Amino acid sequence: MIKVGEPRRLGVPVPEARLHFEAERRESGGAPSRRLLVVDGAPAFELSFWCGTCPLLFRRLETGKQTLSLVGVQEQLTGTLADPGDGGVADAFGALLPEGEYLPLLLRVEPRLVIPGNEGDYFSGEQVATWGLDQFWGLPEYPHTPYYRTFETAVDASAHLYEFVVPMVPPTWNVRERVEEYVELMSRGAVPTAVAVSTLDVCEPSAGLGADHCRHWGLTHFLLDGHHKLEAAAMAGRPVQLLSLLALGEGLAGAEECGRVPALRTQLRSARATGI
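Residue indices follow the written sequence of each chain, beginning from 1 at its first position. Selection of residues for local features in this predicted model requires a pLDDT of at least 70, selection of side-chain atom pairs for listing and counting requires 80 or more, and totals for whole chains, interfaces and linings are taken over all residues. The side-chain numbers reported here are obtained from all heavy atoms of the structure, hydrogens and water having been left aside.

## What about the packing of aromatic side chains?
By convention, a stacked pair of Phe, Tyr or Trp rings (six-membered ring in the case of Trp) has centres within 6.5 Å and planes under 30 degrees apart, an edge-to-face pair has planes over 60 apart, and any other such pair is tilted. One pass over the full model with this rule turns up ten aromatic pairs. Between phenylalanine 123 and tyrosine 147 the ring centres are 5.8 Å apart and the planes differ by 90 degrees, which places this aromatic pair in the edge-to-face class. One end of the pair, phenylalanine 123, is in the loop between strand S8 (112-114) and helix H3 (126-131); the other, tyrosine 147, is in strand S9 (residues 147-156), and 24 residues separate them in sequence. Exposure categories follow from relative accessible area, calculated using a 1.4 Å probe and restricted to protein chains: below 20% of the type maximum is buried, above 50% is exposed, and the middle band is partly exposed. Judged by relative accessible area, which is 0%, phenylalanine 123 ranks as buried. Working definition: helices are DSSP H or I runs of at least four residues, strands are E runs of at least two. Numbering for both runs from the N terminus.

In structure tokens form, the structure reads like this:
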């Protein structure tokens with residue numbers, strides 16, 4: 001299931017936002033180095049490098065220790081939202097974000113928990129097939145966090161979209177009792193809602209690296225609320241709803257590419273329904 005809102009202006013000035021995206025500066029020369037996702041003034045994740053030819057990346061940093069749940073909307077999020085703008089949830093979480101253009105997406109996903117280096121890991125699987133191993137370390141990229149995979153599809157003959165849901169803190173930090181409560185709730189048919197701020201990075205390697213040369217579209221949802229829900233859904237093999245606020249100006253993709261994401265999801269859903 002996917003419902004798409006109109007692109008809209010959300011957020012507050014960066015100094016007032018609890019979460020923002022930042023370009024770290026080198027001490028000499030002034031050239032940008034790391035792209036960062038910053039939470040409460042502390043760098044929480046290192047993101048894909050600016051060049052667009054380096055591998056896709058979301059790497060949790062040691063200072064990434066905060067979630068961004070909001071008490072006032074918990075009742076709405078216990079159940080299923082009917083629309084991306086339902087109940088003022090997007091506006092409430094928008095007040096935590098930096099001012100900008102966001103595309104609201106309401107998705108139903110079936111998350112699979114992935115441990116880096118284990119079966120299903122994008123970084124040691126599909127990414128290595130395209131970029132090869134890191135030329136200095138001789139190892140795959142390492143995100144320093146478990147994460148969830150939810151969806152993937154071909155964009156065209158030379159590009160593939162991969163979708164990830166990334167918790168702000170690892171699932172081992174979750175309260176076991178709350179996870180079990182959601183497992184029980186989902187076993188009775190409930191589909192609770194999580195909320196994320198999202199980016200779309202489009203990365204393509206230089207020629208002559210991996211065996212499977214193609215562009216990788218990385219749609220990455222950074223969880224603001226719903227850490228217990230995502231783990232419960234992965235444990236129980238059940239769906240969860242995800243309200244994604246896709247930041248149109250913060251990824252390595254243009255507005256046109258971001259706008260294609262809903263159509264790609266609809267295309268795959270239609271193909272599954274018809275058995276293609």
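## Re unusual backbone geometry
At aspartate 40, a position not held by glycine, the phi torsion is positive, near 50 degrees. Position of aspartate 40 among the secondary structure elements: in the loop between strand S4 (32-39) and strand S5 (42-47). Even without being a glycine, histidine 144 presents a positive backbone phi close to 60 degrees. Relative to the helices and strands, histidine 144 resides in the loop between H3 and S9.

## Examining the pattern of salt bridges
Definition used for salt bridges: Asp or Glu carboxyl oxygen within 4 Å of a side-chain nitrogen of Lys or Arg. In this structure the tally under the stated criterion is 13 salt bridges. Put simply, arginine 149 and glutamate 126 hold a salt bridge, and the shortest N to O gap is 3.0 Å. Residue arginine 149 is found in strand S9, and its partner glutamate 126 is found in helix H3; the two are separated by 23 residues along the sequence. For arginine 149, the salt bridge is made with glutamate 152, and the minimal N-O distance between the two is 3.0 Å. One salt-bridge network, in which partners are shared between bridges, spans Arg9, Glu99 and Glu101.

## Considerations on helix H4 (residues 176-187)
It helps to recall that an α-helix has 3.6 residues per turn; residues three or four apart then point in one direction. Multiplying one less than the number of residues by 1.5 Å gives the expected span of a helix. In this model, H4 (twelve residues) spans 17 Å end to end at C-alpha, consistent with the 16 Å of a helix rising 1.5 Å per residue. By the burial criterion, the buried members of H4 are Val179, Tyr182, Val183 and Met186. Taken down its axis, H4 places every buried residue within 105 degrees of arc, on the same side. Among the exposed residues of H4, those pointing more than 90 degrees away from its buried face are Glu177 and Glu181. Check the buried side of H4 and you find it contacts helix H5 (227-236). In this description, the arc belongs to the directions extending from the helix axis to the C-beta atoms. Should any heavy atoms of two residues lie within 4.5 Å, those residues are considered in contact.

## Some remarks on the layout of surface pockets
Buriedness of a pocket was judged along seven lines, with at least five required to meet protein on both sides within 12 Å; pockets are open sets of points on a 1 Å grid over the protein atoms alone, cavities are sets where a 1.4 Å probe fits but cannot get out, and lining residues have an atom within 4 Å of a point. Grid points are joined across faces, edges and corners, and a volume is the space filled by probe spheres set on the points. Looking at the largest pocket, its volume works out to about 570 Å³. Around the largest pocket, the lining comprises 26 residues; the ones closest to its centre are Pro55, Arg59, Asp134, Trp137 and Glu141. Mapped onto the lining of the largest pocket, the elements with two or more residues apiece are S5 and H3. Take the lining of the largest pocket: its biggest share by element is three residues, from H3. Three classes are used, and their members are as follows: Ala, Val, Leu, Ile, Met, Phe, Trp, Tyr, Cys and Pro are nonpolar, Asp, Glu, Lys and Arg are charged, and the others, Gly among them, are polar. A breakdown of the residues in the lining of the largest pocket according to their chemical character gives 15 nonpolar, six polar and five charged.

## So, the confidence of the model for the chain
With 92% of its residues at a pLDDT of at least 70, the chain reaches an overall mean of 90. Every residue carries a pLDDT, the predictor's confidence in it, which falls somewhere between 0 and 100. Within the chain, S8 carries the highest mean pLDDT (98), whereas helix H6 (residues 255-274) carries the lowest (72). Here residues 270-276 scores under 50 on pLDDT; set against residues more than four positions off or in separate chains, the count is one contact.

## Observations concerning the environment of phenylalanine 45
Summarising the element assignment, phenylalanine 45 is placed in strand S5. Relative accessible area serves as the criterion here: at 0%, phenylalanine 45 is assigned to the buried category. Residues phenylalanine 45 and leucine 105, 60 residues apart in the sequence, show an inter-C-alpha distance of 22 Å. Setting aside its immediate chain neighbours within four residues, phenylalanine 45 contacts Arg35, Leu36, Leu37, Phe58, Arg59, Arg60, Leu61, Thr145, Val166, Pro167, Met168 and Phe222.

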